[in-house]
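# Structural characterization, general
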Amino acid sequence: MLHIDIITVVPELLVSPLSHSILGRARDRGLLEVDIIDLRTYGIGKHKQVDDYAFGGGAGMVMMPQPLMDCIEDLQSKRTYDEIIYMAPDGEQLDQPMANNLSMLSNIMLICGHYKGIDERIREHIVTREISIGDYVLSGGELAAAVVVDAVGRLLPGVLNDETSALFDSFQDNLVAPPAYTRPADFKGWKVPDILLSGNFEAIDAWRHEEAVKRTRHRRPDLLEDE
Ligand code: ADE
């Protein structure tokens, strides 16, 4: 069982993506627990303030350390975290091996930044890891956190119907996935490769592997160079 706590100022952005399909089922079955924590609850004063102007001036607000610290300490009083992760465009880039590693942990905290991000002192002293989902800037960490939860959650044992199916995902063996077909075998005169209709599963496995290698060489030669 993996437990993930997500700290956010926009909980609505996370509720729906994490409630349907495979992730929704994983949560219903108790294989994955996700708690979405509204940072505003820990905000300061009447207005529940969570951000303030940046020291030194310049445009954009910065998320204050106190509400974050109060929220983090509250969560830490209930469980010990394997990782306290800040979603940031300058973090380590998410890939399949990282998702595999995260799926083996027990308790993860994800912090979503907004505005100009969170006060650097929280990053320096509290955060244990920073993750980016790619070289582009999102308006907040929520969608990135949802991507992490999806990529990690589907790897948990028992989440996918066919337990072996994650093993054949793109990237699991540095190959992209082979092409897939379903009925009808002839669609507008576009035919499914004969081999897939042959019933010879050994030959089909070999064909799929060959196609995966061909496709990787063509689309993602960088994956083959890593080996
Ligand atoms: N927050 C803003 N942009 C992000 C990105 N690309 N990855 C993770 N968190 C982010």
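Turning next to the site of the ligand. Near the ligand you find Met87, Ala88, Pro89, Ile131, Ser132, Ile133, Gly134, Tyr136, Val137, Leu138, Gly140 and Ala144, and these make up its full shell. Considering the ligand on its own, with 260 Å² of exposed area, one finds that the protein chains cover 96% of that surface. With respect to the pocket detection grid, the ligand is positioned in the second largest pocket. When contributions to the shell around the ligand are tallied by element, the ones reaching two or more residues are strand E5 (83-93) and strand E7 (129-132).

Here the focus is the sheet that holds strand E1 (residues 2-8). Here five strands make up an open sheet; going across it, the order is E2-E1-E6-E5-E7 and the pairing parallel. The open sheet has two free edges, formed respectively by strand E2 (32-38) and E7, since each of these has just one partner strand. Taken pair by pair, the neighbouring strands of this sheet meet at an average axis angle of 30°, ignoring direction. Examined bridge by bridge, E1 and strand E6 (residues 107-112) share five bridges and lie parallel to one another. Among the inter-strand pairings, Ile6 is bridged to a residue of E6, identified as Leu110.

Taken domain by domain, the protein comprises domain 1 (2-153) and domain 2 (170-224). Taking only C-alpha atoms, the centre of domain 1 and the centre of domain 2 are 37 Å apart.

This paragraph deals with the nonpolar core. With 31 residues, the main nonpolar core has Ile6, Leu32, Leu110 and Val149 as its most contacted residues. Those elements that provide at least two residues to this core are E1, helix H2 (21-28), E2, E5, helix H4 (96-102), E6 and helix H6 (142-153). The biggest single contributor to this core is H6, with seven residues. Setting aside anything within four residues of it in sequence, one finds Leu110 in contact with Ile4, Asp5, Ile6, Ile7, Ile85, Met87, Ala145, Val148 and Val149. Counting 20 residues, the second-largest nonpolar core is a separate cluster that includes Ile7, Met63, Leu75 and Ala88.

A word on the packing of aromatic side chains. Taken as a whole and judged by the stated rule, the model has one aromatic pair. Relative to Trp190, the ring of Phe187 has its centre 5.8 Å away and its plane inclined at 65°; by these criteria the two rings are edge-to-face. In this structure Phe187 comes out as partly exposed when scored by relative accessible area, which is 43%.

Moving on to H6. The terminal C-alpha atoms of H6, which comprises twelve residues, lie 16 Å apart, in line with the 16 Å expected from a rise of 1.5 Å per residue. Along H6, nine of the twelve residues are buried, which leaves the element largely enclosed by surrounding structure. Those residues of H6 not exposed but buried are Glu142, Ala144, Ala145, Ala146, Val148, Val149, Ala151, Val152 and Gly153.

Here we come to the side chain of Thr8. Mapped onto the fold, Thr8 is located in strand E1. Its relative accessible area of 1% is what places Thr8 among the buried residues. Side-chain polar atoms of Thr8 contact the side chain of Glu142, separated by 2.5 Å. Those residues within four positions of Thr8 in sequence are excluded, and the remaining contacts are Leu14, Ile36, Ile37, Asp38, Leu39, Cys112 and Glu142.

Within E1, seven of the seven residues are buried, which leaves the element mostly enclosed by the surrounding structure. Residue alternation in E1 divides its side chains into two sets, Leu2, Ile4, Ile6 and Thr8 and His3, Asp5 and Ile7, and both sets are buried. Relative to E2, E1 runs parallel, the two being bridged by seven bridges. Following the sheet pairing, Ile7 is matched in E2 by Ile37.

What counts and how
Residues numbered from 1 in each chain as written. Predicted model: local features only at pLDDT ≥ 70, side-chain atom pairs only at ≥ 80, totals over all residues. Heavy atoms only, no water. Near = heavy atom within 4 Å. Areas by Shrake-Rupley, 256 points an atom, 1.4 Å probe, with all protein chains shown as cover. 1 Å grid on protein atoms, 1.4 Å probe; cavity = no way out; pocket = protein on both sides within 12 Å on 5 of 7 lines; lining within 4 Å. Sits in = over half its atoms within 2 Å of the grid points. Helix = DSSP H or I, 4+ residues; strand = E, 2+ residues; numbered from the N terminus. Pairing = 2+ DSSP bridges. Axes fitted to C-alpha atoms, helices over the stretch in contact; angles between N-to-C directions. Domains from an automatic or database assignment. Core = buried A, V, L, I, M, F, W, Y, C linked by side-chain atoms within 4.5 Å. Buried < 20%, exposed > 50% of the residue type's maximum accessible area, 1.4 Å probe, protein only. Contact = heavy atoms within 4.5 Å. Phe/Tyr/Trp six-rings, centres within 6.5 Å; stacked < 30°, edge-to-face > 60°. Expected span 1.5 Å × (residues − 1). Polar contact = N/O pair within 3.5 Å; in protein donor to acceptor, adjacent residues only side chain to side chain.

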